[in-house]
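# Structure assessment
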Amino acid sequence: MASEKKFEPTNPTLKWVEDRLPIMGLIYSSLGAGYSAPRNLNYWWNFGVLAGFMMMVQIITGIVLAMHYVPNIELAFDSVQHIRRDVNYGWLIQAIHANGASMFFIVVYVHILRGFYFGSYKSPREILWFLGIIIYLIMMATGFMGYVLPWGQMSFWGAKVITSLFSAFDFIPFIGGGIVEWLRGGFSVGQPTLNRFYSLHYLLPFVLVGVVILHVWALHIPGSTNPLGIDAKGPYDKIPFHPYYTAKDAFGLGVFIIFFAGFVFYMPDFLGHPDNYIKANPLVTPEHIVPEWYYLPFYAILRVIPDKLMGVVAMFSSILILFAMPWLDGARIRSMQFRPLSKFFFWIFVVNGLFLGFLGQKPTTDIMMGVEALLLAQLSTAYYFGYFIVIMPLVSRMETTKPVPTSIAAAVLDANKKG
Amino acid sequence: MTTHDDVVEERRNFLYIATTAAGAVAAGAAVWPLVDQMNPSKDVLALSSIDVDLSAIAVGQSAVFLWRGNPVFVRHRTAEEITEAQADDNSEDLIDPEIDADRVQKPEWLIMSGVCTHLGCVPLDQKGDFGGWYCPCHGSHYDISGRIRKGPAPTNLPVMDYVFLDDTTVKIG
């Protein structure tokens, strides 16, 4: 099982506490020497810890920003400028929070794709995977509402477009007609909308913490997967999380913080949009409206279907389809290291996802490579869904796989001999 | 045969169901205020109408007014535009067929919502393939009667209630 060693404090005070509330033992067996992890985890396994780190960074900087921010449509825009210019270290804290959202999404995207490649969603980790999707959905909602708070042009029109998405469901009896006005608290996006988004933007991160705790709990039932995708069979396949992986994670964290600091100190506005430095104006839509980069692939999917309802359904489906992955993928082997064809289609999926994101920030009427961007986006969306609905079920069941090592220890020792 | 125990059990089952049902109703009643508080408040609903002075809008000109937080388009249409709008009444590319006469009280004054029926952006005046409005967000084209002709928007720009108070003043809402 996940934890072999028990926490046994020798200090009498610690022992007194531990006997009454075994909280140190809980930490010891989840992130300490009491949790043994497969001995072959590579740097792709850093990103879960990095995501946890970013969540804490966002919560801490967010609480501080809330001490200076004013959720009022007349004052919100100016209060953000006040934070950036007048508040002591406000420039730093605001830049960390604004860029931190992007960093959080970067590490989570890598973490999700790590799961794709190494089959982390496969039995017995389905619930772990579902909790991950729920975390991602909460992140999207939180990120969106946070982006509205500075009350710039992109904030306002982003809020208007996203809340309008729900008018696609107007055909539903009883709840349909007023759902958009219910979300906004008015006929347009305005003071009630800003106020409730602020309230929810403060609440949801703590809901996120709750789901993350469940995610880590579910992880510790079977333990981590590993690059080979085979189950750890005995003690020779595992090493204690502390000090081995705490050290490895700390090194990865250091490298990541350098990357993060590059944005915060040298290009704090690179990931933002200049239109958000114009105060919200309900009479003028920006000429070219785009969401934050981390939503672009889904925005591209929304736009490719000329029908409003179907566009919205396609966009939501593109994320909800992740719930079906444990069953769409019928392979008996987890890791794509031993599934060459799956690996090939996976990398096309990654490139295709980046391309969808690129298309999401282009007007659909742009001409690229001699054809309309809309057509390219349609082909790209077809691959996105085709990957899940056609390629994954068929390839995973029909592919001839490479031989899988008998144990983690055998594979590691074998590699060392060759090395 | 019905024993004493059976009767007790039956009574107890009834009590379970009755308690659960009453609890469910109470929970629903407690949740409703929490849900309904998100609906537009009374002061928001009270902002019901604005008066617009039309005398400043020349023929061939459009103006935008803010009504209930959303833009309203007022266009003083030219004779050619009216002819064009009426000529398109039976056009086959009307996604949401409607005749021009049903969309105006006086043909020279087109008064309608300025909110794209796709996802709520404000369409640009005198742009697009049909000489009316064009929404820059997702490419919906509206004609000179505000009818959707091309693009993802499902319906025409809605015409709200309005009355002409006199020749140059209109009350919107």
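### Describing the overall build of chain B
- Scanning chain B from N- to C-terminus turns up three helices and 10 strands.
- Order of helices (α) and strands (β) in chain B, N terminus to C terminus: α-α-β-β-β-α-β-β-β-β-β-β-β.
- For chain B, the C-alpha radius of gyration of 27 Å lies well beyond 16 Å, the compact-globule estimate for 173 residues.
- When its C-alpha atoms are laid out on the principal axes, chain B stretches across 90 × 40 × 30 Å.
- When each of the 173 residues of chain B is scored for burial, the buried share is 40%.
- For chain B, the accessible surface area stands at approximately 9,300 Å², while carbon and sulfur atoms represent 58% of it.
- Taking the 13 positively charged and 26 negatively charged side chains of chain B as two groups, their mean positions are separated by 4 Å.

### A short note on the state of the cysteines
Residues and elements named next belong to chain B.
- If you walk through the whole model with that rule in mind, you get one disulfide over all chains.
- Here C121 pairs with C137 through a disulfide, and the sulfurs are 2.1 Å apart. Between C121 and C137, the disulfide has an S-S torsion of -95° and is therefore left-handed. Taken as a pair, C121 in the loop between β4 (109-113) and β5 (124-125) and C137 in the loop between β6 (131-135) and β7 (140-143) lie far apart in primary sequence, 16 residues in all.
- Given a relative accessible area of 1%, C121 falls into the buried group.

### A word on the nonpolar core
- Core analysis: the largest hydrophobic core is formed by 116 residues, its most contacted members being F104, F116, Y136, Y387 and F388 of chain A.
- It is helix α6 (residues 126-148) of chain A that contributes the most residues to this core, 13 residues altogether.
- For Y136 of chain A, the residues in contact, after removing those within four places along its chain, are F105, V108, Y109, I112, F298 and I319 of chain A.
- The next biggest cluster of nonpolar side chains, apart from the first, holds 14 residues, and it includes W109, I111, V170 and I172 of chain B.

### Things to note about the pattern of salt bridges
Residue and element names in this part refer to chain B.
- Enumeration over the complete set of coordinates arrives at 17 salt bridges over all chains.
- For the salt bridge of D51 with K171, the shortest nitrogen-to-oxygen distance reads 3.7 Å. Taken together, the positions of D51 in strand β1 (residues 50-53) and K171 in strand β10 (residues 169-172) put the pair 120 residues apart, joining distant regions of the chain.
- Residue classification places D51 among the partly exposed positions, given a relative accessible area of 49%.
- The closest approach of N and O atoms between D93 and R149, which form a salt bridge, is 2.8 Å. Residue D93 is found in the loop between α3 (79-87) and β4, and its partner R149 is found in strand β8 (residues 148-150); the two are separated by 56 residues along the sequence.

### Considering the sheet that holds β4 of chain B
Residues and elements named next belong to chain B.
- Spatial ordering of the open sheet is given by β2-β3-β4, a layout of three strands whose pairing is antiparallel. Of all strands in the sheet, those bounded by a partner on one side alone are β2 (62-67) and β4. Going across the sheet, the axis of each strand differs from the next one's by a mean of 20°, ignoring polarity.
- As paired strands, strand β3 (residues 70-76) and β4 are joined by five bridges and run antiparallel to one another. Of the residues in β4, the one forming a bridge with V74 is I111.

### Some remarks on the packing of aromatic side chains
All names here are of chain A.
- In this structure the tally under the stated criterion is 48 aromatic pairs over all chains.
- Look at Y109 and W293: their rings are 6.3 Å apart centre to centre, the planes differ by 55°, and that puts the pair in the tilted class. Here W293 lies in the loop between α10 (241-266) and α11 (296-304) and Y109 lies in helix α5 (residues 90-117), a separation of 184 residues in the sequence.
- Between F355 and F358 the ring centres are 6.3 Å apart and the planes differ by 20°, which places this aromatic pair in the stacked class. Of the two residues, F355 and F358 both sit in helix α14 (residues 340-360), three residues apart, roughly one turn of that helix.
- Assessed through its relative accessible area of 26%, F355 is described here as partly exposed.
- When its relative accessible area of 35% is taken as the criterion, F358 is described as partly exposed.
- We note R114 situated over the ring of W45; from NZ or CZ to the ring centre the distance is 4.6 Å.

### Some words on the sheet that holds β10 of chain B
All names here are of chain B.
- Spatial ordering of the open sheet is given by β1-β10-β9, a layout of three strands whose pairing is antiparallel. The open sheet has two edge strands with one neighbour each: β1 and β9 (162-166). Geometrically, the sheet is characterised by an average inter-axis angle of 30° between neighbouring strands, direction not taken into account.
- As paired strands, β9 and β10 are joined by four bridges and run antiparallel to one another.

Conventions we followed
Residues numbered from 1 in each chain as written. Chains lettered and ligands numbered in written order. Predicted model: local features only at pLDDT ≥ 70, side-chain atom pairs only at ≥ 80, totals over all residues. Heavy atoms only, no water. Helix = DSSP H or I, 4+ residues; strand = E, 2+ residues; numbered from the N terminus. Rg over C-alpha atoms; globule rule 2.2 N^0.38 Å. Buried < 20%, exposed > 50% of the residue type's maximum accessible area, 1.4 Å probe, protein only. Areas by Shrake-Rupley, 256 points an atom, 1.4 Å probe, with all protein chains shown as cover. Lys, Arg positive; Asp, Glu negative; His and termini not counted. Charge placed at Lys NZ, Arg CZ, Asp CG, Glu CD. Disulfide = S-S within 2.5 Å. Core = buried A, V, L, I, M, F, W, Y, C linked by side-chain atoms within 4.5 Å. Contact = heavy atoms within 4.5 Å. Salt bridge = Lys/Arg side-chain N within 4 Å of Asp/Glu carboxyl O. Pairing = 2+ DSSP bridges. Axes fitted to C-alpha atoms, helices over the stretch in contact; angles between N-to-C directions. Phe/Tyr/Trp six-rings, centres within 6.5 Å; stacked < 30°, edge-to-face > 60°. Lys NZ or Arg CZ within 6 Å of the ring centre and 35° of its normal.

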